[in-house]
Amino acid sequence: MRLYYFLFSFFYFIKLAFIKKHYCIIFYAPHHFNRGKHSENIFFKNLLNSCRNHNLSFLFLEEPDVYSNQKRSNIAVPFDFIYYLIVFLRKFMKSDISYIDNDKIIGSFIKKIFFKNITFDNYITLSQSMLSFFNGVNSDAKQFDLQHGTIHAVKRSYLYNGKVSINLKQNDVTLLLNGKGYKDILLKNDMSNYFKNHTQVIGTHSLNDIVPSLLNKNVLVTLQFTHDHSRDENKLIADNLEIYIKKESSFHFYFKSHPRFNNEIDLSHFLSLPNVSLISESLNDIFCKCSFHLTSYSTVTFEASLHGIPTCFLQLDPIKMSIFNTQYNYPFYSYVLSDLYNNYSYCSFEVKKWAKQFYQPFCEVSFLNSLKNA
């Protein structure tokens, strides 16, 4: 299948080299974000529908991810050929200039061949993918990064020690945020006031209402064993998780792997425990079965909270693993499962109220107002 997407991509961009096309927006995302029920990109879903409703032309490009088992989108154009060409060209770029400038140079070069007839007003990406490349292709386009996970004051790709990420600043990127709570954190900690004019709260995809089960002792565990962590960090999470499960033996723990899990940790040891099971159902289905959520710092905490399901945390020392305490002020961060169980109604009400400041319903007007020439 990889060859199919590469060849499809190759012929598509060869064809576009000879056809003039203008788009209001180019959407771009790695394919591991295809996490919807039918492998759709749920992060772009509302934005794409808004474009259709208002006759805004768009091109949705999808980057291949060799580490992901997610299926490819059936509405996106595979970017495989251009992506691997970029990776190849990077090997020949100068080492004494920044990766940002190198990607801009590559974008300018590839534009002369494959994008010479393609124009666009806006570029919207997930995880800041290819910002510098598309800046090189069209420096006049307005660039956006759509929030897909947590954003806080010690996340180097956004903000650290009061300084805005160079990648965002040099590419003049505006953040499209899920809720006012995130914007408040950025504005409070940004010493340069960059985010004052480079953030727009547009909300996020709506969460389906669920019918939760009666209070039980089932716990959803959102695992975070990925190659984003070092081996020591993955082991730290695993060791603490095992201690927690053995200590809370009256609860049953349902493990749900991270979308980018690639066997960084052997789960067989955990599955030998009598109160541990693997689960692969959708989050909504799991929320109907589980009254609690356990994680190190997964963003599922927000989704669970919006459904009134409280979270327990492993409370690990690394800064990035304690953000729900230091950045988001989760109301019951120090609670263990028995604490939540004994005060369930109150905790459920409070976490739902807490989450709504970070995840607001999608606002189409805010999204359209943020666009250039919309």
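Thresholds applied
Residues numbered from 1 in each chain as written. Predicted model: local features only at pLDDT ≥ 70, side-chain atom pairs only at ≥ 80, totals over all residues. Heavy atoms only, no water. Helix = DSSP H or I, 4+ residues; strand = E, 2+ residues; numbered from the N terminus. Expected span 1.5 Å × (residues − 1). Buried < 20%, exposed > 50% of the residue type's maximum accessible area, 1.4 Å probe, protein only. Arc of directions from axis to C-beta. Contact = heavy atoms within 4.5 Å. Phe/Tyr/Trp six-rings, centres within 6.5 Å; stacked < 30°, edge-to-face > 60°. Lys NZ or Arg CZ within 6 Å of the ring centre and 35° of its normal. Pairing = 2+ DSSP bridges. Axes fitted to C-alpha atoms, helices over the stretch in contact; angles between N-to-C directions. 1 Å grid on protein atoms, 1.4 Å probe; cavity = no way out; pocket = protein on both sides within 12 Å on 5 of 7 lines; lining within 4 Å. Points joined across faces, edges and corners; volume = space filled by probe spheres on them. Nonpolar A, V, L, I, M, F, W, Y, C, P; charged D, E, K, R; others polar. Salt bridge = Lys/Arg side-chain N within 4 Å of Asp/Glu carboxyl O.

**Q** Explain helix α4 (residues 99–114) here, please?
**A** Along an α-helix, residues three or four positions apart point the same way, because every turn accommodates 3.6 residues. With 16 residues, α4 extends 22 Å from end C-alpha to end C-alpha; this agrees with the ideal 22 Å at 1.5 Å per step. Taken as a whole, α4 has its buried residues at I100, N102, D103, I106, G107, I110 and F114. For α4, the angular spread of the buried residues around the axis is 150°, confining them to a single face. Each element contacted by the buried residues of α4 is listed here: α1 (2–16), α3 (80–90), β4 (118–126), α5 (131–137) and α6 (166–170).

**Q** I would appreciate a short explanation of the packing of aromatic side chains in the present structure.
**A** Any aromatic ring pair is given by two values, namely how distant the centres are and how the planes are angled relative to each other. Evaluated as defined, the whole model comprises 51 aromatic pairs. On the basis of an interplanar angle of 80° and a centroid distance of 5.4 Å, the ring pair of Y12 and F13 is categorised as edge-to-face. Given a relative accessible area of 15%, Y12 falls into the buried group. Using a relative accessible area of 0% as the deciding quantity, one classes F13 as buried. Geometry around Y160 places R156 over its ring, the cationic atom sitting 3.7 Å from the centre.

**Q** How should I be thinking about the sheet that holds strand β14 (residues 292–295) in this particular structure?
**A** The pairing of strands in a sheet comes from backbone hydrogen bonds and takes either a parallel or an antiparallel form. Strands sit in the order β13-β12-β11-β14-β15 across an open sheet of five strands; the sheet is parallel. The open sheet has two edge strands, β13 (276–278) and β15 (311–313), and neither has a second partner. Going across the sheet, the axis of each strand differs from the next one's by a mean of 30°, ignoring polarity. As paired elements, strand β11 (residues 218–222) and strand β12 (residues 252–256) share five bridges and run parallel to each other. Across the sheet, V221 pairs through a bridge with F255, a residue of β12. Taken strand by strand, helix α8 (residues 231–247) contacts β11, β12, β13, β14 and β15, and its axis lies near 150° from that of β12.

**Q** Would you take a moment to explain empty space enclosed by the protein for this structure?
**A** In this approach, a probe sized like a water molecule rolls over the atoms, and the result shows the empty space that is left. On inspection of all chains with the given rule, the structure shows two cavities of 30 Å³ or more. Taken as a whole, the largest cavity spans an internal volume of roughly 70 Å³. If you go around the largest cavity, the residues you meet are I42, F43, N46, L47, L146, Q147, N178, I202, G203, T204, H205 and F362. Looking at the lining of the largest cavity element by element, the count peaks at four residues for helix α2 (residues 42–53). Taken together, the residues that form the lining of the largest cavity break down as six nonpolar, six polar and no charged. Considering only enclosed or pocket space, the second largest cavity measures out at about 50 Å³ in volume. Along the wall of the second largest cavity there are 10 residues; nearest its centre are V221, T222, L223, I237 and S296. The set of elements that each furnish at least two residues to the lining of the second largest cavity consists of β11 and α8. Within the lining of the second largest cavity, the residues separate by chemical class into six nonpolar, four polar and no charged.

**Q** Would you explain the pattern of salt bridges in this entry?
**A** Any two side chains of opposite charge can pair, so long as their charged atoms come close to each other. Scanning the model with the defined rule gives nine salt bridges in all. The closest approach of N and O atoms between R72 and E62, which form a salt bridge, is 2.6 Å. One end of the pair, R72, is in the loop between β2 (58–63) and β3 (77–78); the other, E62, is in strand β2, and 10 residues separate them in sequence. Since its relative accessible area comes to 2%, E62 is described here as buried. With its nearest N and O atoms 2.4 Å apart, the salt bridge here joins K289 to E281. We classify E281 as partly exposed; its relative accessible area is 28%. Salt bridges sharing partners connect three or more residues here, namely E62, R72 and D80.

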